[in-house]
Amino acid sequence: MSSNARPGRLAYIAYCYGSVLPAEYDDWVRNDLTGKGAWRRNLMRISIPAVLIVVPLWLIPASVGMHLAMSLLLLLPFVYFAHALDKVWRAHRLRQHGLDPDLVDRRARERDADIRDDYERRHGRRTD
C-alpha cells in the first residue's frame, strides 16, 4: 500500500472506537493523531456517542428548558473530559499502533522551538 493509504469505512469506524489498524496505515494513523486538527477529530469521535445517548432524552415529554438541562448535564462532562484527556488518549492510541507517543506534542514543539532556543540561550542552558 502507498503511504497515502486510508482505511475503509468499517475499518475507520472500528479505529475511531478503539480498534488497531494494520501497520500499512501507520502514516495515516500518525497524521490522524498528530496532524493539524487532531484534537477536533478526537472531540468529534467522543461527541458522537454522547449525542446518541442524549437524543432519546428528547423523546421524554418535558419542556424545552428541561430537555436542555438534561442534555447539558450529560454533554458538558463529555466535552470537558474529552478536552482534558485529549493528549493522553491520542498518546495511548499512538502507543497501541506501535508509534512514538511523544509525537502528540510534535506540532507544539516545532512551533515553539525558537522560543525554547531563545530561553535556553538567555538562561545559560545552551552553549552556542
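Here, the structure is the one placed above.
Residues numbered from 1 in each chain as written. Predicted model: local features only at pLDDT ≥ 70, side-chain atom pairs only at ≥ 80, totals over all residues. Heavy atoms only, no water.

Enquirer: Teacher, can you tell me more about the nonpolar core here?
Expert: Nonpolar side chains tend toward joint burial in soluble globular proteins. One finds Y15, L21, Y25, W28, V29, L33 and L94 to be the most contacted residues of the largest nonpolar core, which totals 13 residues. Elements with a minimum of two residues in this core: helix 1 (9-16), helix 2 (26-34) and helix 5 (86-96). Here the element with the most residues in this core is helix 2; it accounts for 3 residues. (Core = buried A, V, L, I, M, F, W, Y, C linked by side-chain atoms within 4.5 Å. Buried < 20%, exposed > 50% of the residue type's maximum accessible area, 1.4 Å probe, protein only. Helix = DSSP H or I, 4+ residues; strand = E, 2+ residues; numbered from the N terminus.)

Enquirer: Looking at this structure, I do not really get empty space enclosed by the protein. What am I missing?
Expert: Here the idea is plain: a probe the size of a water molecule rolls over the atoms and shows the empty space left. Under the counting rule described, the total for this entry stands at 1 cavity of 30 Å³ or more. The volume enclosed by the largest cavity comes to roughly 40 Å³. Lining of the largest cavity is provided by Y15, C16, D32, L33, R45, W89 and R93. Those elements that place two or more of their residues in the lining of the largest cavity are helix 1, helix 2 and helix 5. Class assignment for the residues of the lining of the largest cavity results in 4 nonpolar, no polar and 3 charged. (1 Å grid on protein atoms, 1.4 Å probe; cavity = no way out; pocket = protein on both sides within 12 Å on 5 of 7 lines; lining within 4 Å. Points joined across faces, edges and corners; volume = space filled by probe spheres on them. Nonpolar A, V, L, I, M, F, W, Y, C, P; charged D, E, K, R; others polar.)

Enquirer: I keep staring at the pattern of salt bridges and nothing clicks. Help me out?
Expert: Side-chain pairing between opposite charges can occur once the charged atoms of the two side chains come close. Applying the stated criterion across every chain yields a total of 9 salt bridges. R45 is the salt-bridge partner of D32, the closest N and O atoms lying 2.9 Å from each other. Within this pair, whereas D32 is found in helix 2, its partner R45 is found in helix 3 (residues 38-54), the two being separated by 13 residues in sequence. With relative accessibility at 9%, the residue R45 sits in the buried group. R121 is paired through a salt bridge with D118; the nearest N and O atoms lie 3.9 Å apart. One end of the pair, R121, and the other, D118, are both in helix 7 (residues 113-122), 3 residues apart, so they sit about a helical turn from each other. The class of D118 is partly exposed, set by a relative accessible area of 33%. (Salt bridge = Lys/Arg side-chain N within 4 Å of Asp/Glu carboxyl O.)

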